[in-house]
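Structure at a glance
The lines below spell out each chain.
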Amino acid sequence: MLSTDTSIYIDVQPTEDSRIASLDENNIPFGRVFSDHMFVADYKNGAWTDFKIMPYGNLSLSPAASTLHYSQTIFEGMKAFYNKNDEVVLFRPKENYERLMRSSERMCIPKMDKEIFMQGLKKLIEIDKKWVPKSDGSSLYIRPFIFASEGFLGVRPAEEYKFIIFTCPVAAYYAKPVRVKVETKFVRVASGGTGNAKTGGNYAAALYPAKLAQEQGYDQLIWTDAKEHKYIEESGTMNIMFVIDGKIVTPPQGDTILDGITRKSLVVLAKDLGYAVEERPVTVIEIEEAMKNGSLTEAFGMGTAAVISQIAAIGINDIDYELPAVETRKVSNHLLKELKAIRLAESEDRFGWMEKV
Ligand SMILES: *Cc1c(COP(=O)(O)O)cnc(C)c1O
């Protein structure tokens with residue numbers, strides 16, 4: 001019989017100075033409050049080693065660490081939260097592991113056993129369980145990432161890396177409906193690039209076009225394909241869906257569109273609830289037509305942070321099209337309600353998405 005005992009040894013160094021008393025659950029600024037501990041693993045001499053959980057704190061790095069110069073780095077974003085049975089649960093964490101490994105392939109970062117990721121993750125959340133907020137809609141945001149730490153200025157895959165997981169309690173996210181501009185000059189990524197890897201450079205490169213759009217009064221961009229600016233890809237750092245003639249339409253995952261776990265889950269859920277879902281290329285022209293003739297009734301972005309982020313208006317070539325009020329959006333409100341019910345164990349986990357910590 002094969003052994004199934006693949007548990008890893010994690011050296012736990014608990015903090016002597018917990019900051020939990022300073023956490024005000026009703027007032028948590030996003031991404032600025034960090035839990036007491038972090039999980040750290042090092043890659044050296046060809047293997048992942050030295051698994052530890054230690055107090056959250058600054059790192060000591062060589063200024064020549066190759067990530068700082070050449071961006072050999074990848075990350076994930078996920079959440080833990082309390083369900084209605086008072087259990088701390090994760091939403092599809094293995095999908096995050098698998099996506100991290102796909103990103104690692106593209107960025108020449110060494111692979112890691114699933115057990116390191118999963119056991120490091122679960123142990124860290126167990127130890128910082130008090131940091132999982134309980135108020136309605138709040139959660140513990142989890143940031144696993146890997147970066148090249150070798151101090152060497154040559155351009156080649158590094159020989160040393162760090163894998164770190166840290167967490168941030170976050171309040172219920174009220175996403176104000178956003179005004180977005182269809183971008184037709186700048187690109188997020190091109191086919192053959194790094195668009196379906198969660199890697200730092202993609203986000204840095206998007207800042208400038210987003211800033212220009214903000215100066216024009218928009219909150220975010222809708223990215224189009226790099227070749228013709230004809231097809232819609234994503235909205236900011238989220239995937240995108242439209243409801244046209246009652247049907248859900250979303251661009252398919254591909255090498256320029258990040259394979260979002262929220263998007264993938266909503267597609268499965270929507271089909272299960274009886275909606276027609278079309279995963280296919282979506283053109284800017286078709287969206288403009290559908291906004292003009294009123295057949296487009298909903299547009300929204302989706303991702304782990306906001307789950308669903310409603311789009312209030314879409315600007316195409318300097319014309320702003322206002323979309324129907326958020327309260328009238330039956331499909332997205334229905335999907336959000338059903339997804340929430342599964343996550344909180346208020347309805348059956350019929351797709352096997354939830355995992356207890
Ligand atoms: C992370 C991310 C998403 C959303 O993915 P989720 O798994 O749903 O959080 C979409 N687009 C981009 C560019 C992203 O980085």
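Residues numbered from 1 in each chain as written. Predicted model: local features only at pLDDT ≥ 70, side-chain atom pairs only at ≥ 80, totals over all residues. Heavy atoms only, no water.

Defined as follows: UniProt positions are given in the numbering used here, feature names are shortened, and annotations may be inferred rather than shown by experiment.
Going by the annotation in an unreviewed UniProt entry, the name recorded for the protein chain is branched-chain-amino-acid transaminase, with Bernardetia litoralis given as the source organism. Checking UniProt for the protein chain, the heading Sequence similarities (unreviewed entry) contains the comment "Belongs to the class-IV pyridoxal-phosphate-dependent aminotransferase family." Looking at the Cofactor (unreviewed entry) heading of the UniProt record, one finds this comment for the protein chain: "pyridoxal 5'-phosphate".

Notes on the UniProt feature "modified residue: N6-(pyridoxal phosphate)lysine" (unreviewed entry) in the protein chain
As a reminder, the rule being used: By the criteria applied, helices consist of DSSP H or I runs no shorter than four residues and strands consist of E runs no shorter than two, each listed in order from the N terminus. Residue exposure (1.4 Å probe, protein chains only): buried if accessible area is under 20% of the type maximum, exposed if over 50%, otherwise partly exposed. Any two residues whose heavy atoms approach within 4.5 Å at even a single point are treated as in contact.
In the UniProt entry, the feature "modified residue: N6-(pyridoxal phosphate)lysine" (unreviewed entry) is given for K198. Mapped onto the elements, K198 comes out in the loop between β9 (178–182) and α4 (200–215). The buried category is assigned to K198, whose relative accessible area is 13%. Contacts of K198, omitting those with residues within four sequence positions, involve T73, I74, F75, E76, G77, R99, S103, Y203 and L258.

A short note on the packing of helix α2 (residues 93–106) against helix α3 (residues 114–127)
The following threshold applies: Fitting a line to C-alpha atoms yields each axis, with helices limited to the stretch in contact; the angle taken between N-to-C directions then spans 0 to 180 degrees. When describing relative orientation, an angle under 35 degrees is termed roughly parallel and one over 145 degrees roughly antiparallel, while 65 to 115 degrees is termed roughly perpendicular and anything else oblique. Here is the rule for handedness: rotate from the far helix to the near one, and if that takes an anticlockwise turn smaller than a right angle the crossing is left-handed, while a clockwise turn gives right-handed. Note that Gly is not counted as nonpolar here; it falls among the polar residues with everything else outside the nonpolar set of Ala, Val, Leu, Ile, Met, Phe, Trp, Tyr, Cys and Pro and the charged set of Asp, Glu, Lys and Arg.
Running from N to C, α2 and α3 point in directions that differ by 135°, and their axes come no closer than 10 Å. Considering their axes alone, α2 and α3 lie oblique with respect to each other. For the crossing formed where α2 meets α3, the hand is right-handed. Contacts between α2 and α3 involve P93, K94, N96, Y97, E98 and L100 from the first element and K114, F117, M118 and L121 from the second. Among the residues making up the contact of α2 with α3, the classes are represented as six nonpolar, one polar and three charged.

Some remarks on the pattern of salt bridges
In plain terms, the rule: Between Lys or Arg on one side and Asp or Glu on the other, a salt bridge is scored when a side-chain nitrogen of the former is within 4 Å of a carboxyl oxygen of the latter.
This structure, assessed with the given rule, holds 24 salt bridges. One salt bridge connects D42 with K52, and the closest N-O pair in it is separated by 3.8 Å. One end of the pair, D42, is in strand β2 (residues 37–44); the other, K52, is in strand β3 (residues 47–55), and ten residues separate them in sequence. Judged by relative accessible area, which is 11%, D42 ranks as buried. In the salt-bridge network here, residues are joined through shared partners; they are R92, E95, R102, D259 and K264.

Things to note about the site of the ligand
To keep things clear, this is the line we draw: One heavy atom within 4 Å of a molecule or strand is enough for the residue carrying it to be called near that molecule or strand. Under the rule applied, a polar contact is a pair of N or O atoms within 3.5 Å (in protein, one hydrogen donor and one hydrogen acceptor; residues adjacent in sequence only if both atoms are side-chain atoms). To measure how exposed things are, a 1.4 Å probe is used in the Shrake-Rupley method; for residues, cover is taken only from the protein chains shown.
Around the ligand lies a shell of 14 residues, among which K198, Y203, E234, T262 and T304 are the nearest. Contact distances for the ligand include 2.5 Å between a nitrogen atom and a side-chain N or O atom of E234. Within the backbone of T237, an N or O atom sits 3.3 Å from a nitrogen atom of the ligand. Contact with the protein chains removes 95% of the 380 Å² of surface that the ligand exposes when unbound. Counted by class, the shell around the ligand contains four nonpolar, six polar and four charged residues.

Describing α4
Selection rule: The span you would expect from a helix comes to 1.5 Å times its residue count less one. For a residue, the bend is simply the angle between two axes, fitted respectively to the seven-residue segment ending there and the seven-residue segment starting there.
Compared with an ideal rise of 1.5 Å per residue, which puts 16 residues at 22 Å, α4 spans 24 Å between its outermost C-alpha atoms and is within 8% of the ideal. Along its length, α4 shows its largest kink, about 30°, at L207, and proline P209 lies within four residues downstream of that point. Taken together, the buried residues of α4 touch β9 and β10 (220–224). One or two steps after α4, the chain reaches G217, where phi turns positive at roughly 95°.

Re helix α7 (residues 330–343)
Taking 1.5 Å as the rise per residue, α7 with 14 residues should run 20 Å; its terminal C-alpha atoms sit 20 Å apart, in good agreement. Of the positions making up α7, those classed as buried are V331, S332, L335, E338, L339, A341, I342 and R343. Of the residues trailing α7, A345 is marked for its positive phi of about 65°.

What to know about the packing of aromatic side chains
Keep this limit in mind: Any pair of Phe, Tyr and Trp rings, taking the six-membered ring for Trp, is counted once the centres come within 6.5 Å. Such a pair is stacked with planes under 30 degrees apart, edge-to-face with planes over 60 apart, and tilted for the rest. Look at NZ for Lys and CZ for Arg. If either is within 6 Å of the ring centre and within 35 degrees of the ring normal, a charge sits over the ring.
Inspection of the entire model under this criterion finds 17 aromatic pairs. Between Y43 and Y161 the ring centres are 5.8 Å apart and the planes differ by 70°, which places this aromatic pair in the edge-to-face class. In this pair, Y43 is assigned in strand β2 and Y161 in strand β8 (residues 161–170), connecting sequence segments 118 residues apart. Among the residues examined, Y43 registers a relative accessible area of 16% and is labelled buried. Residue Y161 is classed as buried on the basis of its relative accessible area, which comes to 1%. Both rings, one in F186 and one in Y208, keep their centres 5.7 Å apart while their planes meet at 90°; by these two values the pair is edge-to-face. Note that F186 is positioned in the loop between β9 and α4 and Y208 in helix α4, a separation of 22 residues in sequence. For Y208, a relative accessible area of 46% translates into the label partly exposed. Positioned above the aromatic ring of Y82 is the side chain of K134, whose terminal nitrogen or guanidinium carbon lies 4.6 Å from the ring centre.

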